[in-house]
Amino acid sequence: MQYLGVDEKDLKSLGGLHTAQEIAQQPDTWKKVFKMVLRQKNELTTFLTKAKNVDQVILTGAGTSAFIGESLIGSYYRNFNNCTKAVPTTNLVSHPYDYLSNDQETLLISFARSGNSPESKGAVELADKLCGKCTHLIITCNKDGDLANYETKNGKYVFLLPEETNDQSLAMTSSYSCMLLAGLLMAHMDRIEDMEAQVNLAAAYGKEILDNQLGLLKNIAGLPFKRAVFLGSGPLLGTANESHLKVQELTDGGTVCKHDSFLGFRHGPKAVVDTETLIVHLLSNNQYVSKYENDLIFAMEKGKKALVQLAIGEGIGYNLPVDYTITYSSNDESIDEDFLCLPGVLPGQILGFFKSLNEHLMPDEPSSSGAISRVVQGVNIYNLP
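Q: Give me the nonpolar core: which residues, what numbers.
A: Ile-139 and Met-186 are the most contacted members of the largest nonpolar core, which totals 88 residues. Here this core takes nine residues from helix α8 (residues 174–186), the largest share from any one element. Residue contacts for Met-186: discarding those within four places in its chain leaves Leu-44, Leu-48, Tyr-76, Phe-80, Leu-137, Ile-139 and Phe-159.

Q: Which residues make up the packing of helix α5 (residues 64–80) against α8, and what values do they have?
A: For any two helices packed against each other, one specifies the inter-axial angle together with the distance between the axes. Viewed as axis vectors pointing N to C, α5 and α8 meet at an angle of 15 degrees, and their least axial separation amounts to 9 Å. As judged from the angle between their axes, α5 and α8 are roughly parallel. The chirality of how α5 crosses α8 is right-handed. Note on element contacts: α8 touches α5 through Tyr-176, Met-179, Leu-180, Gly-183, Leu-184 and Met-186, opposite Thr-64, Ser-65, Phe-67, Ile-68, Ser-71, Leu-72, Ser-75, Tyr-76 and Phe-80. Among the residues forming the contact of α5 with α8, the class breakdown is 10 nonpolar, five polar and no charged.

Q: Outline the packing of helix α3 (residues 26–39) against helix α4 (residues 41–51), listing residues and values.
A: Where α3 contacts α4, the two axes come as close as 5 Å, and the packing angle between them is 70 degrees. Relative to α4, α3 is oriented roughly perpendicular. When α3 is examined against α4, the residues Val-37, Leu-38 and Arg-39 are found in contact with a partner set consisting of Lys-41, Glu-43 and Leu-44.

Q: Just give me the short version of the packing of aromatic side chains, but keep the residues and values in it.
A: One pass over the structure, following the stated rule, counts five aromatic pairs. On the basis of an interplanar angle of 75 degrees and a centroid distance of 5.0 Å, the ring pair of Tyr-76 and Phe-80 is categorised as edge-to-face. Here Tyr-76 and its partner Phe-80 are both found in helix α5, four residues apart, which amounts to about one turn of the helix. Tyr-76 gets classed as buried once you look at its relative accessible area, which sits at 0%. Its relative accessible area of 9% is what places Phe-80 among the buried residues. Cation over ring: Lys-52 sits above Phe-80, and NZ or CZ is 5.3 Å from the ring centre. Over the ring of Phe-225 we find Lys-355; its NZ or CZ atom is 3.9 Å from the centre of that ring.

Q: Before we move on, can you summarise the sheet that holds strand β10 (residues 277–282) with the specific residues and values?
A: One open sheet holds the five strands; their spatial order is β9-β8-β10-β11-β12, and the pairing between them is parallel. Both outer strands of the open sheet, β9 (256–260) and β12 (324–327), are each paired with one neighbouring strand and no more. Recorded for the sheet is a direction-independent mean angle of 15 degrees between the axes of neighbouring strands.

Q: Please give an account of a nonpolar patch on the surface that cites residues and values.
A: A grouping of Leu-263, Tyr-288 and Tyr-292 is seen on the molecular surface, where their side chains present a nonpolar patch of about 320 Å² in accessible area. Its location among the elements puts Tyr-288 in helix α12 (residues 287–299).

Q: Give me the lowdown on α3, citing residues and values where you can.
A: The terminal C-alpha atoms of α3 lie 20 Å apart, and with 14 residues this matches the ideal 20 Å at 1.5 Å per residue to within 8%. Among the residues of α3, those classed as buried are Gln-26, Pro-27, Thr-29, Trp-30, Val-33, Phe-34, Met-36 and Val-37.

Q: An account of the environment of Asp-336 is requested, with residue identities and associated values reported.
A: With respect to the helices and strands, Asp-336 occurs in the loop between β12 and α13 (341–344). Along the primary structure Asp-336 and Tyr-176 are separated by 160 residues, whereas in three dimensions their C-alpha atoms are 19 Å apart. What Asp-336 contacts, discounting residues up to four positions off in sequence, is Arg-191, Gln-198 and Asn-285.

Q: Would you mind going over the pattern of salt bridges in detail, with residue names and values included?
A: On inspection of all chains with the given rule, the structure shows eight salt bridges. Between Lys-41 and Glu-193 there is a salt bridge, with the nearest N and O atoms lying 2.6 Å from each other. Of this pair, Lys-41 sits in helix α4 while Glu-193 sits in the loop between α8 and α9 (195–212), and the two are 152 residues apart along the sequence. Of the charged contacts, one joins Glu-249 and Lys-246 as a salt bridge, the two residues approaching to 3.0 Å between their closest N and O atoms. Of this pair, Glu-249 and Lys-246 both sit in helix α11 (residues 235–250), three residues apart, which is roughly one turn of that helix.

Analysis parameters
Residues numbered from 1 in each chain as written. Predicted model: local features only at pLDDT ≥ 70, side-chain atom pairs only at ≥ 80, totals over all residues. Heavy atoms only, no water. Core = buried A, V, L, I, M, F, W, Y, C linked by side-chain atoms within 4.5 Å. Buried < 20%, exposed > 50% of the residue type's maximum accessible area, 1.4 Å probe, protein only. Helix = DSSP H or I, 4+ residues; strand = E, 2+ residues; numbered from the N terminus. Contact = heavy atoms within 4.5 Å. Axes fitted to C-alpha atoms, helices over the stretch in contact; angles between N-to-C directions. Parallel < 35°, antiparallel > 145°, perpendicular 65-115°, else oblique. Left-handed = near helix turned anticlockwise from the far one by under 90°. Nonpolar A, V, L, I, M, F, W, Y, C, P; charged D, E, K, R; others polar. Phe/Tyr/Trp six-rings, centres within 6.5 Å; stacked < 30°, edge-to-face > 60°. Lys NZ or Arg CZ within 6 Å of the ring centre and 35° of its normal. Pairing = 2+ DSSP bridges. Patch = residues over 30% accessible without salt bridge, like charges linked within 9 Å, V, L, I, M, F, W, Y side chains within 5 Å. Areas by Shrake-Rupley, 256 points an atom, 1.4 Å probe, with all protein chains shown as cover. Salt bridge = Lys/Arg side-chain N within 4 Å of Asp/Glu carboxyl O. Expected span 1.5 Å × (residues − 1).

Given below as structure tokens:
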């Protein structure tokens, strides 16, 4: 059996079996997640119909789980028609009064792989304490986690993802994309049946990456870049954030990474580019947005040159001045922009995986010093004065 083009036996000896399996399983698990949401349609619809009549929606999580909210802000704002924020649990715990108020009713949507991070439980407890009313939607991969078993007098719905999404690798991969998909589908519960076509198309795009683009991504990972920048717009800004962390985690900090929006990158962050930099452009399929993204890519010809530039999109209609391109489809099919976040996360995961191997690290546990761990340890949660 092979995963990411590497024999299972070799992956075991290299310390990368879990990571490779968990990256490779994603298109299939996306379809499984859709079926699970569809089976719970009535319960979720009843819960969300009541829960969304609030003053604010907060999408929260720690680390990688926090980036899910960045990709879902637009979906919830457009579909729930109320104030929507993406606030990491790490911010909620340290500065709760900046986000939670007794005169505001809140729907707190929590994302967590294990549900055992101290901040995850701390955030829901603070929300219950400080909000006039707080309803909890908990999306997690671990049925035994603290978050899945959190007791509250307020309204609560726990959505458990398939067991195989509770990634065993240090780096979150399938847990991230499956929680993101679950959250995305719940923003569209009023037309959930129509979302099956979107999920199937996202899975097909993911298969294209895994079946036909592995060689290119492996070759790029073999290039001598010491910095990597991931750019995205709108929902893909969250994907860029997750991608930058994935490469940085899997290389144990050996590759220093950044992320930004295409427009934001011009305002100072572009200074990071040098001849040892990889730039990955995660392209929108919204024609209006594409104008801004293409302008930035052409502007990259001025100033310091990157080592290599890679553009990834549904269909790349311009002859962009980049070194490599990846297109998800050669057909005229088009996916909703929000669903591009699913296949969009795969290239960063794959680049990080092969870069980790090239650096003689073990992708399943890349941190030789133990500086980072699968579940964050040592965080104290203090009583609120």
